[in-house]
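Summary of structural features
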Amino acid sequence: MNFFTQIEPAPSGVLLNTDSRITALGSCFAQVIGQRLTYYKWPVVLNPLGVLFHPLALQDLVRRALLLDEFKENDLFKHEGRYYILALHGQYSSQDPNSLLTQANSDLKILRDGLTKATHLLITLGTAWAYQKSDNEVIVGNCHKLPGSFFNKKLLSVAEIQQGVSQIIELMAKYNAEAQLIFSVSPVRHTKDGMVQNSLGKAHLIAGLHGALNQKNKTPIVPKYFPAYELMMDQLRDYRFYKSDLIHPNDQGEEVVWEFFKDHWINPELEALLRQIKSIQQGLAHRPIHSDSIEHHNFVMQLKKRIENLERQYPHLKFD
């Protein structure tokens, strides 16, 4: 069954090859593609500072990383003896402010390295709904499950989203003009916002993102759009492609979207190599009934030889 008859082909861009380096940022759907690329042994820097959902949080993170604008004491929020970095994922909290800042700034350097060396940058926007601190209206990246009275909910405007995405493009053009930027909107529904509000937020994301991608700019970077949202909403209109929560794509849904990504963004000459890697990965995941048998010993030795041959042929591949 061809699920893609109504989806326009992705605009041509720089395809992934064996020497590509990928950085993937954004909502949990960035994790899906990033993990698939990791499975096929591409070097991937995947959300080193955690998942972020809205474009202004991502824009601020990219800016901080590229300018190496490290987190400082005034970036910490203290509540009941614990410190938080509200610009980042909920994992950034601790009772020790110094260790928290050290960890965040160490991860920031990993992201900077990933952004400046990437041949491909994948950014997935999850929602246009954001939260502001109620005392100063500063937009945060994550509420860290702190009391709701600390924040006010805000729907980012199309213009704010367009400006945020444009700033990401401009920053990358300055620090890594060779990178291919690929933006997408996550198909994962943010039902906690409400179904109507989720649809409104996705509409703002799509309009703002396309506004930024279609505007004429003087940067050498030509960003592209990957239709993850459209594939799930318009082509896979069947709950058999979703997990039991009816929100997240299941393995089958993710596989369909991955195949579309592979067909449009990976050099078709690598198809045979991908099959070999998949076969080896399946062999590594195999759990024998009798691990001490001669048959299993021979299987392991053959697998080892296959890995060595492939690593010799493609030095960037590492199966350890």
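If you're wondering where the values come from, they're calculated on a predicted model, not measured in any experiment.

Glancing now at the sheet that holds strand 6 (residues 120–125). As summarised here, the arrangement of the five strands in space is 2-1-6-10-11, forming an open sheet in which the pairing is parallel. Looking at strand neighbours, the two that pair on one side only are strand 2 (44–46) and strand 11 (224–225), the edges of this open sheet. Of the strands in this sheet, strand 1 (22–26) and strand 6 touch helix 2 (residues 55–67), which is tilted by about 150° from strand 6. Contacting strand 6, strand 10 (180–185) and strand 11, helix 5 (residues 195–214) crosses the sheet at an angle of about 160° to strand 10.

This part covers the environment of Ser293. When you line up the elements, Ser293 lands in the loop between helix 8 (271–285) and helix 9 (294–313). For the pair Ser293 and Thr127, spaced 166 residues apart in sequence, the C-alpha to C-alpha distance is 52 Å. Only 2.9 Å separates the side chain of Ser293 from the backbone oxygen of His290, close enough to count as a polar contact.

Considering the arrangement of structural elements, one finds Arg64 in helix 2. Look at Arg64 and you get buried, because its relative accessible area is 8%. With residues near it in sequence (within four places) discarded, Arg64 still touches Asp69, Glu70, Phe71, Asp75 and Leu108.

Turning our attention to the packing of helix 6 (residues 228–235) against helix 7 (residues 251–265). One way to put it is that helix 6 packs onto helix 7 with a least axis distance of 10 Å and a crossing angle of 130°. It follows that helix 6 is oblique to helix 7 by the angle criterion. In this structure, the crossing between helix 6 and helix 7 has a hand that is right-handed. Residues Ala228, Leu231 and Met232 of helix 6 touch helix 7, and the partners they reach there are Gly253, Val257 and Phe260. The residue inventory of the contact of helix 6 with helix 7, partitioned by class, reads five nonpolar, one polar and no charged.

Moving on, we get to the packing of helix 1 (residues 28–39) against helix 7. Helices that pack against each other are described as a pair by the angle of their axes relative to one another and the distance between those axes. Two elements in contact, helix 1 and helix 7, have axes whose closest approach is 11 Å; the angle formed by their N-to-C orientations is 65°. Between helix 1 and helix 7, the crossing angle belongs to the class labelled roughly perpendicular. Every pair of crossing elements has a handedness; the one defined by helix 1 and helix 7 is right-handed. Where helix 1 approaches helix 7, its residues Phe29, Val32, Ile33, Arg36 and Leu37 are matched on the opposing element by Asp251, Glu254, Glu255, Val257, Trp258 and Phe261.

So, on to unusual backbone geometry. Unusually for a residue other than glycine, Lys41 sits at a positive phi of about 75°. Topologically, Lys41 is positioned in the loop between helix 1 and strand 2. Residue class for Lys41 comes out buried when judged on its relative accessible area of 18%. Unusually for a residue other than glycine, Leu68 sits at a positive phi of about 50°. Within the secondary structure layout, Leu68 lies in the loop between helix 2 and strand 3 (76–79).

Let us look at the sheet that holds strand 4 (residues 82–85). The antiparallel open sheet is built from three strands, whose spatial order is 3-4-5. The sheet is open, and its two edges are formed by strand 3 and strand 5 (93–94), each paired on a single side. Bridge count between strand 3 and strand 4: four bridges; the pairing is antiparallel. Bridge pairing links Leu76 to Ile85 in strand 4. Along the sheet face, helix 3 (residues 97–117) touches strand 3, strand 4 and strand 5 and points at about 20° away from the line of strand 4.

For the rest of this paragraph, the subject is helix 8. For helix 8, which comprises 15 residues, the first-to-last C-alpha distance of 21 Å matches the rise-based estimate of 21 Å (1.5 Å per residue) to within 8%. Residues Leu273, Leu274, Ile277, Ile280, Gln281 and Gly283 constitute the buried set of helix 8. Structurally, helix 8 contributes buried residues whose contacts are with helix 1, helix 7 and helix 9.

A word on the side chain of Ser166. Tracing the chain through its elements places Ser166 in helix 4 (residues 158–175). Dropping the residues within four chain positions of it, Ser166 is found in contact with Ala212 and Gln215.

Regular strands show a simple pattern: their side chains alternate between the two faces of the sheet. The antiparallel pairing of strand 3 with strand 4 creates a hairpin that spans two residues between the two strands, and Glu80 there sits at a positive phi of about 50°. Bridging between strand 4 and strand 5 involves two bridges; their strand directions are antiparallel. Paired with Tyr84 across the two strands is Ser93, which belongs to strand 5.

Conventions and cut-offs
- Residues numbered from 1 in each chain as written.
- Predicted model: local features only at pLDDT ≥ 70, side-chain atom pairs only at ≥ 80, totals over all residues.
- Heavy atoms only, no water.
- Pairing = 2+ DSSP bridges.
- Helix = DSSP H or I, 4+ residues; strand = E, 2+ residues; numbered from the N terminus.
- Contact = heavy atoms within 4.5 Å.
- Axes fitted to C-alpha atoms, helices over the stretch in contact; angles between N-to-C directions.
- Polar contact = N/O pair within 3.5 Å; in protein donor to acceptor, adjacent residues only side chain to side chain.
- Buried < 20%, exposed > 50% of the residue type's maximum accessible area, 1.4 Å probe, protein only.
- Parallel < 35°, antiparallel > 145°, perpendicular 65-115°, else oblique.
- Left-handed = near helix turned anticlockwise from the far one by under 90°.
- Nonpolar A, V, L, I, M, F, W, Y, C, P; charged D, E, K, R; others polar.
- Expected span 1.5 Å × (residues − 1).

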